[in-house]
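Per-entry structural report
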Amino acid sequence: MAWVTKTSDEQYTPEPAPREYTKQEKAANWWHYNKIIVLVVIIIAAIVAWIVHDMMSHVDPDLEIGYVGAQSLPTDTVEALQDALTPYCTDRNGDGKVVVQVNQYTVSFDGEDDTTDPYNQMAGLTRLSADMAADSEMYLYLLADPEGFETDSEILQYLDGTVPADGEVGDWQKMVYRWTDCPVLAGLDLGNYTLYTDMEGSSQELLGTLYLGFRGNWDSEASQAYTDNLAIWNALTAGAQSTVAEG
């Protein structure tokens, strides 16, 4: 058996001292291994912040009114109408304030209207269909084309509160008031609107071309939302004399 022995003549080279990295190199190395985790944390934090902001800034309206027409209403007109209708509402949700909200649906029921943007039309119809669901609390509608609206939706009730049979399109002329037929609405002080083209006009004259309709209740028992909205409808249409059915 052979033995390997160490002689006093052998020399060993010492191991080099570990390299001392600069702060920039340490930071770059840390980022290389942790950047995915950091990015995920940032994304999660952003999502949480958005959800919290949405919850804090969300407004729960006491009254929702659906405007359905081929052209959107001017912002000035919408805001003036919301403010003017506030005194006719109550704090239904108990949050300490009364909020009226006009929801706009840019929809045309004229199949021959070449000026209608297909994307806006589809988006408007999708939103409108969702907001007309059975559990929706939106019952009042401002309509530019009441005939097209009722033919497409079949949701309006007659002015006497009755409803058509299921699957039956009602006589729209007996379901709506002209805006100008309602003394309360025609007497609202809504001021003027200004468009981005600097064109001005009267909000009353603009709304005077619309019709007011109410979504019916086909259930055996009316919901509280239906009852509350009906009281507002009766207040807004007090003294109204329908001239629609007369032509």
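Before reading further, recall that the structure is shown in the block above.
Throughout what follows, the structure given in this document is the object of discussion. Being a predicted model, the structure only gives us computed values, none of them experimental. (Residues numbered from 1 in each chain as written. Predicted model: local features only at pLDDT ≥ 70, side-chain atom pairs only at ≥ 80, totals over all residues. Heavy atoms only, no water.)

**Focus on the overall build of the chain**
Heads up, the condition is: For the purposes of this entry, the term helix denotes a DSSP run of H or I that reaches at least four residues, the term strand denotes a run of E that reaches at least two, and both are numbered from the N terminus. Under the scheme applied here, a residue whose accessible area is under 20% of the maximum for its type counts as buried, over 50% as exposed, and between as partly exposed, the area being computed with a 1.4 Å probe on protein chains only. Residue contacts are counted whenever heavy atoms from the two residues lie within 4.5 Å of one another.
Secondary structure summary: the chain contains seven helices and seven strands in total. Reading the secondary structure of the chain in the N-to-C direction produces α-β-α-β-α-β-α-β-α-β-β-α-β-α. Here the chain, with 247 residues, has 33% of them falling under the buried criterion. Excluding contacts between residues fewer than 6 apart, the proportion of contacts in the chain whose partners are at least 24 apart in sequence is 68%.

**With respect to the nonpolar core**
Note the cut-off: To define a nonpolar core, start from buried Ala, Val, Leu, Ile, Met, Phe, Trp, Tyr and Cys residues and group those joined through side-chain atoms within 4.5 Å.
Leu81, Leu85, Leu140, Leu142, Trp179, Leu185 and Leu188 are the most contacted members of the largest nonpolar core, which has 32 residues in total. Of all elements in the fold, only β1 (63-69), α2 (75-85), β2 (100-106), β3 (140-143), α5 (183-186), β7 (211-214) and α7 (224-236) reach the threshold of two or more residues within this core. If you look at the next biggest cluster of nonpolar residues, it comprises 17 residues, including Met132, Met138, Phe149 and Leu156.

**Some points on empty space enclosed by the protein**
For the record, the criterion: Each cavity reported here is a set of points on a 1 Å grid over the protein atoms alone in which a 1.4 Å probe fits but cannot get out, each pocket an open set with protein on both sides within 12 Å along at least five of seven lines, and each lining residue one with an atom within 4 Å of a point. Grid points are joined across faces, edges and corners, and a volume is the space filled by probe spheres set on the points. The classification used treats Ala, Val, Leu, Ile, Met, Phe, Trp, Tyr, Cys and Pro as nonpolar, Asp, Glu, Lys and Arg as charged, and all other residues, Gly among them, as polar.
One pass over the structure, following the stated rule, counts one cavity of 30 Å³ or more. Considered as a void within the structure, the largest cavity measures approximately 40 Å³ in volume. Forming the boundary of the largest cavity are Ile65, Leu81, Leu85, Leu142, Trp179, Leu185, Leu212 and Leu236. For the lining of the largest cavity, the residue count by class is eight nonpolar, no polar and no charged.

**A closer look at helix α4 (residues 146-153)**
For α4, the set of buried residues is Pro146, Gly148, Phe149, Glu150 and Ser153. Of the surrounding secondary structure, the elements contacted by the buried residues of α4 are β1, α3 (118-131), β3, β4 (176-178) and β7. One or two residues past the end of α4 sits Glu154, with phi positive at roughly 55 degrees.

**Notes on a nonpolar patch on the surface**
Filter applied, for reference: Each patch is built from residues that are more than 30% exposed by relative accessible area and take part in no salt bridge. Like charges join if they lie within 9 Å; nonpolar side chains (Val, Leu, Ile, Met, Phe, Trp, Tyr) join within 5 Å. Surface accessibility in these figures is a Shrake-Rupley result with a 1.4 Å probe; residues are shielded only by whichever protein chains are displayed. The salt bridge definition used is simple: a Lys or Arg side-chain nitrogen within 4 Å of an Asp or Glu carboxyl oxygen.
On the surface, a nonpolar cluster with roughly 800 Å² of combined accessible area is contributed by Trp30, Trp31, Ile36, Leu39, Val40, Ile42, Ile44 and Val48. Tracing the chain through its elements places Leu39 in helix α1 (residues 23-57). A residue is classified by how much of its surface remains accessible, and Leu39, at 42% relative accessible area, is partly exposed.

**A word on the packing of aromatic side chains**
Rules: Pairing of aromatic side chains requires ring centres within 6.5 Å, counting the rings of Phe and Tyr and the six-membered ring of Trp. Pairs whose planes differ by under 30 degrees are stacked, by over 60 edge-to-face, and all others tilted. Placement of a charge over a ring requires the Lys NZ or Arg CZ to be within 6 Å of the ring centre, with the centre-to-atom vector within 35 degrees of the ring normal.
On inspection of all chains with the given rule, the structure shows eight aromatic pairs. Taken together, a centroid distance of 5.6 Å and an interplanar angle of 55 degrees make the contact between Phe214 and Trp233 tilted. Of the two residues, Phe214 is situated in strand β7 and Trp233 in helix α7; the sequence distance between them amounts to 19 residues. For the cation-ring pair, Arg215 lies above Tyr139, with the distance from its terminal atom to the ring centre recorded as 4.1 Å.

**Notes on the pairing of β7**
Where we set the bar: Note: two strands are recorded as paired if DSSP finds a minimum of 2 bridges between them.
Side chains of β7 alternate between two faces, with Tyr211 and Gly213 and Leu212 and Phe214 buried alike. As paired elements, β3 and β7 share four bridges and run antiparallel to each other. What sits directly across from Leu142, in β7, is Leu212.

**Here we look at the sheet that holds β7**
Just so we agree on the cut-off: Throughout, an axis means a line fitted to C-alpha atoms (over the contacting stretch in the case of helices), and angles, computed between N-to-C directions, take values from 0 to 180 degrees.
Spatial strand order, β2-β1-β3-β7-β4: five strands in an open sheet with mixed pairing. Only two strands of the sheet have a single partner each, and these edge strands are β2 and β4. Neighbouring strand axes in the sheet, compared pairwise and without regard to direction, differ in orientation by 25 degrees on average. In this sheet, β2 lies alongside β1 in parallel orientation, the contact comprising seven bridges. Paired with Tyr67 across the strands is Gln104, a residue of β2. Packed onto the sheet, α2 meets β1, β2 and β3 and runs at close to 145 degrees relative to β2.

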